[in-house]
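# Examination of the molecular architecture
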Amino acid sequence: MVKNFHIFGKGISFSVSPTIHSAGFQHYVLPFTYTIHESNSIDEAVFCDEQIKTAQLIGAVNTLTVKGNDSEQKIIDDNAYWSGLYTTTEKVKHDFKSVFEIKVVPGLQALPKKPEVVIGTVSAYTTTEDQFSLLFSNRSLCVDVSYKPRQTPLLTAAQQNQGWDTITGVEVLLAQAFDQFLLWTGLEPPREIMAEAVVVFDDRVTMAKGGML
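The structure presented is a predicted model; accordingly, all values stated were derived computationally and were not measured.

## Focus: the UniProt feature "domain: SDH C-terminal" (unreviewed entry) in the protein chain
Those residues carrying the UniProt feature "domain: SDH C-terminal" (unreviewed entry) are residues 169–198 in this numbering. With 83% helix and 0% strand, residues 169–198 has end C-alpha atoms that lie 12 Å from one another.

As structure tokens, then:
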């Protein structure tokens, strides 16, 4: 049965999600496609009939699944993003508000103490290494969910401090993609093949920028 999957949003032409999932589909010889669909507003999005508990707890969705037959279809919304973080850090829970005490500070200088885990969620193009110089001490973990560029200023700043392990945005994205693949197909995701597809994609981008393609 032919199935078409999409990622939709605005300014998402750089997404590697189609590359990751297409590699998994090809591995199982599935007649599925995964394409990018640019949406200028939320009005173009598909609204859902049912919401999974994880999406309710987080207050956001990023994975839609169609269930049922043609006459009785339901769109189920979920959030696989939390699982990407949880899988890679083994420390982050999906119900943030009930697990952590959250304090809003005006800047890094106002932090009450040095953090034990740092998770970056802003565009890498809006930050510099110097901005993060006050964050790091002792040994801990830094995750940056931004994956463009692959090596972000936050990761670079963390790696300059001894004892800090780092996880890239691509690693988080892959962990999320593995859960989505299982959800959509019912098949065990071919993790190594999907991860290798990103490496090949990056190599092609590098060659294209160098005028070799």
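There is more to say, and it comes next.
## Structural notes on the sheet that holds strand β5 (residues 74–78)
Reading across the sheet, the three strands line up as β3-β5-β4 and stay open at both edges, with mixed pairing between neighbours. Both outer strands of the open sheet, β3 (50–51) and β4 (63–67), are each paired with one neighbouring strand and no more. As judged from the five bridges shared by β4 and β5, these two strands associate in the antiparallel manner. Bridge assignment links K67 to a residue of β5, and that residue is K74. Its contacts with the sheet put helix α6 (residues 169–185) on β4 and β5, and the angle it makes with β4 is roughly 10 degrees.

## What about α6?
Spanning 17 residues, α6 covers 24 Å between terminal C-alpha atoms, matching the ideal 24 Å at 1.5 Å per step. Within α6, 13 of the 17 residues are buried, which leaves the element mostly enclosed by the surrounding structure. Looking one or two residues past α6, G186 carries a phi angle of roughly 75 degrees, positive in sign.

Cut-offs used in this document
- Residues numbered from 1 in each chain as written.
- Predicted model: local features only at pLDDT ≥ 70, side-chain atom pairs only at ≥ 80, totals over all residues.
- Heavy atoms only, no water.
- UniProt positions renumbered as here; feature names shortened; annotations may be inferred.
- Helix = DSSP H or I, 4+ residues; strand = E, 2+ residues; numbered from the N terminus.
- Pairing = 2+ DSSP bridges.
- Contact = heavy atoms within 4.5 Å.
- Axes fitted to C-alpha atoms, helices over the stretch in contact; angles between N-to-C directions.
- Expected span 1.5 Å × (residues − 1).
- Buried < 20%, exposed > 50% of the residue type's maximum accessible area, 1.4 Å probe, protein only.

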